[in-house]
Amino acid sequence: LLAAAHFLLPYFIDADRFKSQILARIDPAVYGRADFADLLLALLPRPRAIITQGQWVLPDRLRLQVASVAIYPQILPLLRGRLRVGTVNVHAPVVVIDLPEAPSPKEAKRTPDNAALDPAAGAAAALARLPRHGRLLLGNGQVTLRRGGRPMAEFHELALAVVEENGRLTLDLAGRSD
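A brief report on the enclosed structure follows. (Residues numbered from 1 in each chain as written. Predicted model: local features only at pLDDT ≥ 70, side-chain atom pairs only at ≥ 80, totals over all residues. Heavy atoms only, no water.)

## Remarks on the environment of His91
Among the secondary structure elements, His91 is positioned in strand β5 (residues 85–91). When its relative accessible area of 42% is taken as the criterion, His91 is described as partly exposed. In the structure, His91 is positioned 23 residues away from Ser68 in sequence and 5.3 Å away in space, judged by C-alpha atoms. Look past the residues within four positions of His91 in its chain and what remains in contact with it is Val66, Ala67, Ser68 and Gly139. (Helix = DSSP H or I, 4+ residues; strand = E, 2+ residues; numbered from the N terminus. Buried < 20%, exposed > 50% of the residue type's maximum accessible area, 1.4 Å probe, protein only. Contact = heavy atoms within 4.5 Å.)

## Regarding the pattern of salt bridges
This structure, assessed with the given rule, holds two salt bridges. Here Arg146 makes a salt bridge to Asp98, at a shortest N to O gap of 2.7 Å. Within this pair, whereas Arg146 is found in strand β7 (residues 135–147), its partner Asp98 is found in strand β6 (residues 94–99), the two being separated by 48 residues in sequence. Between Arg176 and Glu157 there is a salt bridge, with the nearest N and O atoms lying 3.2 Å from each other. Taken as a pair, Arg176 in strand β9 (residues 168–177) and Glu157 in strand β8 (residues 150–165) lie far apart in primary sequence, 19 residues in all. For Arg176, a relative accessible area of 47% corresponds to the partly exposed category. (Salt bridge = Lys/Arg side-chain N within 4 Å of Asp/Glu carboxyl O.)

## Description of the pairing of β9
Bridge count between β8 and β9: nine bridges; the pairing is antiparallel. Bridged to Leu160 within β9 is Leu173. Two successive antiparallel strands, β8 and β9, enclose a turn made up of two residues, where Asn166 displays a positive phi of approximately 55°. (Pairing = 2+ DSSP bridges.)

## Overview of a positive patch on the surface
The grouping of Arg80, Arg82, Arg84 and Arg132 at the surface amounts to a positive patch. Position of Arg84 relative to the elements: it lies in the loop between α3 (75–79) and β5. (Patch = residues over 30% accessible without salt bridge, like charges linked within 9 Å, V, L, I, M, F, W, Y side chains within 5 Å. Areas by Shrake-Rupley, 256 points an atom, 1.4 Å probe, with all protein chains shown as cover. Lys, Arg positive; Asp, Glu negative; His and termini not counted. Charge placed at Lys NZ, Arg CZ, Asp CG, Glu CD.)

## What about the environment of Ala92?
Structurally, Ala92 can be placed in the loop between β5 and β6. Look at Ala92 and you get buried, because its relative accessible area is 18%. Beyond its immediate stretch of four places on either side in the chain, Ala92 contacts Gln65, Val66, Ala67, Gly139 and Asn140.

Rendered as structure tokens:
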């Protein structure tokens, strides 16, 4: 019965409707623009939603593109009818961060308005939303820091694991740089 549901799922669920609902929830929660190509739902071997060709853009500051994002719910809450994210697995993220030329004294002073657009503050806010016992896994990533449109530094083959367990946040990062 579960196998039949797995194969029939795409015929009964309108992924485009879910895509528009997801984007409607993401856009107000993050600065910039977010989009993705497809949303795929699967039950086997483990329930998951897969977002393909995702991107998030903060104009003149940051561009993030991912090949895919697989979102796995926690099984026990799911069996009780509640959806709680367990693991988010991001494959091949490519991040380009555009650094300002030189901050003026006025820009260097942090205010609530410009702090909200700070990518580091956004990353910290996103990590704070990691669910209890949640995992964020990134594989085969790349980060490029640019100033004036020219690359300053590149980091390749990045792997990141962020795990929240019993109130402790563990971060493991590995990769290469140029």
